[in-house]
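# Chains, contacts and geometry: an overview
Letter by letter, the chains look like this.
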Amino acid sequence: MSRVYINGISSISPQPERVFEGLEPHVSKENILHAVDLNYKSVIKPIMLRRMSKAVKMSLYCSKMALKDANVQIPDAILVGTGQGCMQDTEKFMGNMLDSEEGLLSPTSFIQSTHNTVGGQIALDLNCTGHNLTFTQNSVSFESALIDTQLQFEDPDVENILVGGVDETSEKFTGFQTLDGQIKKEKIRNINLYNSNTPGTIISESAAFFTLGSEKKSTSYAEFIDVGIFNSIDVSDISSKIQKFLKRNGVSFEDIDVVILGRNGDHRFDKYYDEIQNGIFSGKSQLGFKHMVGENNAVSSYAFWMGAKILKEKKIPENFKLNTLNCDVPQKILIYNQYLGRNHGFILLQSL
Amino acid sequence: MSDLHTELKKSIIEQLNLEDMEVSDIENDEHLFGDGLGLDSIDALELIVLLEKDYGIKLTDPNQGKEIFNSVNTIADFIEKNRAK
């Protein structure tokens, strides 16, 4: 595989982008966080925009921005990771089905309800006929798309790949998540998430897309080194699994400068993070992001966006710090995320 | 403009999510597809459902669609001649 560089990035989340620069974060008292609304009409034709659900809007917007950032017109492949897909349209057509007693249905929401609507709409807009795949693997959906990215770059003819993660919130599905105990029963302010000692978390919607290329540019953000997925790990094994993942890349845990962790305030499963925060990474700068942007199946793509920015700007964002340790010149970042104690994803990034 | 024309325009705007459009923005003889309003094949499917749901008209010959959905005038004419409700 050729070396893979992060050449363009873009994200949409419940926080404004400048929260990274230290802007006061948006504080929500609700346990379901909605992504900020941007001026989608500035980059998407209104005639196209009218039918798009939030996931499609966010993804297309981010895709165009990430490609523009890398000065790439059409990528060789489009890879999307999404855990829930276009859930808003799914709920819409199922609701219509019930209302009409399985009679006449409006076709649009049905057509747009599939998970791969996102990748399809991006391809249609860009007129991109290249490899196009959508990965749905719970909380490692984005990581799965990254594995395909690595495979695609085995082909020397592949120069640029658009890869991203997206998930949207929808009324019924978040209702199920509440019933299932995935969302906290008590109302909590997002910035107090890590002080919580109860089950569940705060759920959100977000999208982050990247132009990854085989060519390093003067404007590149960082190098994407590797990604690993483990469906099941015991808490007692998490440190050794991480060390094994790092070792296959010739890296020791001591070489890691910053760890970005998917802590989500669910006391049942944050013990995975406790284990490494108090263990192998106790002397490292530790960052969290879910107290800012919430939890969803593709939110590790937001951590990827953070990692790329940190490595390019050489700045640890204050709003995301979990401890007081700093790092002046971050060289290597490890992203670790899991959800409900399952589907553990490791991503290794390196500065240029 | 007849009540049916106005009703049709309201339904088209609502059903096809034509945000930012008013009834007065659609001319009775304006082409709905192509260079006119710019509707596409998914919109055509929505219009077929609209005819059946609101007026009890089931299109049996898909080739008729091109002619019927040419403009609000042509749809209104077709509804007047064939409506079941």
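Residues numbered from 1 in each chain as written. Chains lettered and ligands numbered in written order. Predicted model: local features only at pLDDT ≥ 70, side-chain atom pairs only at ≥ 80, totals over all residues. Heavy atoms only, no water.

### Quick notes on the overall build of chain B
- What chain B contains, in helices and strands, is four helices and zero strands.
- Its helices and strands taken in sequence order, chain B reads α-α-α-α from the N to the C terminus.
- The C-alpha radius of gyration of chain B comes to 12 Å, within 12% of the 12 Å expected for a compact globule of 85 residues.
- Over its C-alpha atoms, taken along the principal directions, chain B stretches across nearly 30 × 25 × 20 Å.
- For chain B, with 85 residues in total, the buried portion stands at 40%.
- Partitioning the contacts of chain B with sequence separation of at least 6, the portion at a separation of at least 24 is 56%.
- Carbon and sulfur atoms make up 45% of the accessible area of chain B, which totals about 5000 Å².
- Charge centroids of chain B, computed over 8 positive and 20 negative side chains, lie 8 Å from each other. (Helix = DSSP H or I, 4+ residues; strand = E, 2+ residues; numbered from the N terminus. Rg over C-alpha atoms; globule rule 2.2 N^0.38 Å. Buried < 20%, exposed > 50% of the residue type's maximum accessible area, 1.4 Å probe, protein only. Contact = heavy atoms within 4.5 Å. Areas by Shrake-Rupley, 256 points an atom, 1.4 Å probe, with all protein chains shown as cover. Lys, Arg positive; Asp, Glu negative; His and termini not counted. Charge placed at Lys NZ, Arg CZ, Asp CG, Glu CD.)

### Quick notes on the overall build of chain A
- Assigned secondary structure in chain A consists of 11 helices and 12 strands.
- For chain A, the C-alpha radius of gyration of 19 Å lies close to 20 Å, the compact-globule estimate for 352 residues.
- By principal-axis analysis of the C-alpha atoms, chain A measures approximately 60 × 50 × 35 Å.
- Across the 352 residues that make up chain A, the buried fraction comes to 59%.
- Once local pairs closer than 6 in sequence are excluded, the contacts in chain A between residues at least 24 apart make up 78%.
- When the accessible surface of chain A is totalled, it reaches about 14300 Å², and 48% of it is carbon and sulfur.

### A word on the sheet that holds strand S5 (residues 160–167) of chain A
Residue and element names in this part refer to chain A.
- In space, the 10 strands of this open sheet follow the order S4-S3-S5-S7-S1-S8-S12-S11-S9-S10, with mixed pairing throughout. The two strands at the open ends of the sheet, each matched to only one other strand, are strand S4 (131–135) and strand S10 (285–288). Taken over all neighbouring pairs, the strand axes of this sheet differ in orientation by 20° on average, direction set aside.
- Bridge analysis of strand S11 (residues 332–339) against strand S12 (residues 342–350) gives seven bridges, and the strand direction is antiparallel. Along S12, the bridge assignment pairs Lys 332 with Gln 350.
- Here helix H5 (residues 117–126) sits on the sheet in contact with strand S3 (77–81), S4, S5 and strand S7 (206–213), set at roughly 150° to S3.
- Each of strand S1 (4–12), S5, S7, strand S8 (222–232), strand S9 (258–261), S10, S11 and S12 touches helix H11 (residues 300–313); the most contacted strand, S1, lies at about 120° to it. (Pairing = 2+ DSSP bridges. Axes fitted to C-alpha atoms, helices over the stretch in contact; angles between N-to-C directions.)

### As for helix H2 (residues 54–69) of chain A
Residue and element names in this part refer to chain A.
- Here H2 is 16 residues long and its end C-alpha atoms lie 22 Å apart, about the 22 Å a rise of 1.5 Å per residue gives.
- Residues of H2 that are buried sit in contact with S1, helix H3 (87–99), H5, S5 and S7.
- Asn 71 lies just past H2 and shows a positive phi near 55°. (Expected span 1.5 Å × (residues − 1).)

### Considerations on unusual backbone geometry
Residue and element names in this part refer to chain A.
- The phi torsion at Asn 138 lies on the positive side, around 50°, for a residue other than glycine.
- Take Asn 138: it is sitting in the loop between S4 and helix H6 (141–152).
- The residue Asn 343 is not glycine, and still its phi comes out positive at about 50°.
- Within the element layout of this structure, Asn 343 appears in strand S12.
- Relative accessible area serves as the criterion here: at 10%, Asn 343 is assigned to the buried category.

### As for the environment of Asn197(A)
- As for its placement among the helices and strands, Asn197(A) is situated in the loop between helix H7 (171–179) and strand S6 (203–204).
- A sequence separation of 71 residues divides Asn197(A) from Arg268(A), and the C-alpha atoms of the two residues are 8.8 Å apart.

### Here's the deal with the UniProt feature "domain: Beta-ketoacyl synthase-like N-terminal" (unreviewed entry) in chain A
- Mapped onto the present numbering, the UniProt feature "domain: Beta-ketoacyl synthase-like N-terminal" (unreviewed entry) falls on residues 42–169 of chain A.
- Helix makes up 47% of residues 42–169 of chain A and strand 14%, and the two end C-alpha atoms of the span are 23 Å apart. (UniProt positions renumbered as here; feature names shortened; annotations may be inferred.)

### Overview of the domain arrangement of chain A
All names here are of chain A.
- We note that the domain assignment places domain 1 (4–213) and domain 2 (222–350) within chain A.
- Measuring from the centre of the C-alpha atoms in domain 1 to the corresponding centre in domain 2 gives 21 Å.
- Taken residue by residue, the interface counts 54 residues in domain 1 and 50 residues in domain 2.
- Between domain 1 and domain 2, a total of about 4400 Å² is buried, with carbon and sulfur atoms accounting for 60% of that surface.
- Applying the counting rule to domain 1 against domain 2 returns one salt bridge.
- The salt bridge involving Lys 309 is made with Glu 21; its shortest N-O contact spans 3.8 Å.
- For the pair domain 1 and domain 2, the interface holds 25 residue pairs in polar contact (both at pLDDT 80 or more). (Domains from an automatic or database assignment. Buried area = accessible area lost by both parts, 1.4 Å probe. Salt bridge = Lys/Arg side-chain N within 4 Å of Asp/Glu carboxyl O. Polar contact = N/O pair within 3.5 Å; in protein donor to acceptor, adjacent residues only side chain to side chain.)

### As for the packing of H6(A) against H11(A)
Residue and element names in this part refer to chain A.
- Interaxial distance between H6 and H11 falls to 8 Å at its minimum, and their mutual angle equals 60°. Between H6 and H11, the residues in contact are Phe 142, Glu 143 and Leu 146 and Ser 300, Ser 301 and Phe 304, respectively.
- When grouped by side-chain class, the residues that make up the contact of H6 with H11 number three nonpolar, two polar and one charged. (Nonpolar A, V, L, I, M, F, W, Y, C, P; charged D, E, K, R; others polar.)

### Concerning the pattern of salt bridges
All names here are of chain A.
- According to the stated counting rule, one finds 16 salt bridges over all chains in the structure shown.
- Residue Glu 223 is joined to Arg 3 by a salt bridge in which the shortest nitrogen-to-oxygen separation is 2.9 Å. Of this pair, Glu 223 sits in strand S8 while Arg 3 is found in the segment before S1, placing the two residues 220 residues apart along the sequence.
- Close ionic contact of Lys 54 with Asp 37 constitutes a salt bridge, the shortest N to O distance being 3.9 Å.

### Some words on H6(A)
Residues and elements named next belong to chain A.
- Taking 1.5 Å as the rise per residue, H6 with 12 residues should run 16 Å; its terminal C-alpha atoms sit 17 Å apart, in good agreement.
- Burial runs high along H6: 10 of the 12 residues are buried.
- The complete set of buried residues in H6 reads Ser 141, Phe 142, Glu 143, Ser 144, Ala 145, Leu 146, Asp 148, Thr 149, Gln 150 and Gln 152.

### Topic: the side chain of His344(A)
Residues and elements named next belong to chain A.
- Tracing the backbone shows His 344 in strand S12.
- Here His 344 falls in the buried class, since its relative accessible area comes to 0%.
- A distance of 3.0 Å separates a polar atom in the side chain of His 344 from the backbone oxygen of Gly 341.
- The residues touching His 344, leaving out its near neighbours within four places in the chain, are Val 140, Gly 228, Ile 229, Phe 230, Asn 231, Ser 232, Ile 233, Ile 238, Tyr 272, Tyr 336, Asn 337 and Gln 338.

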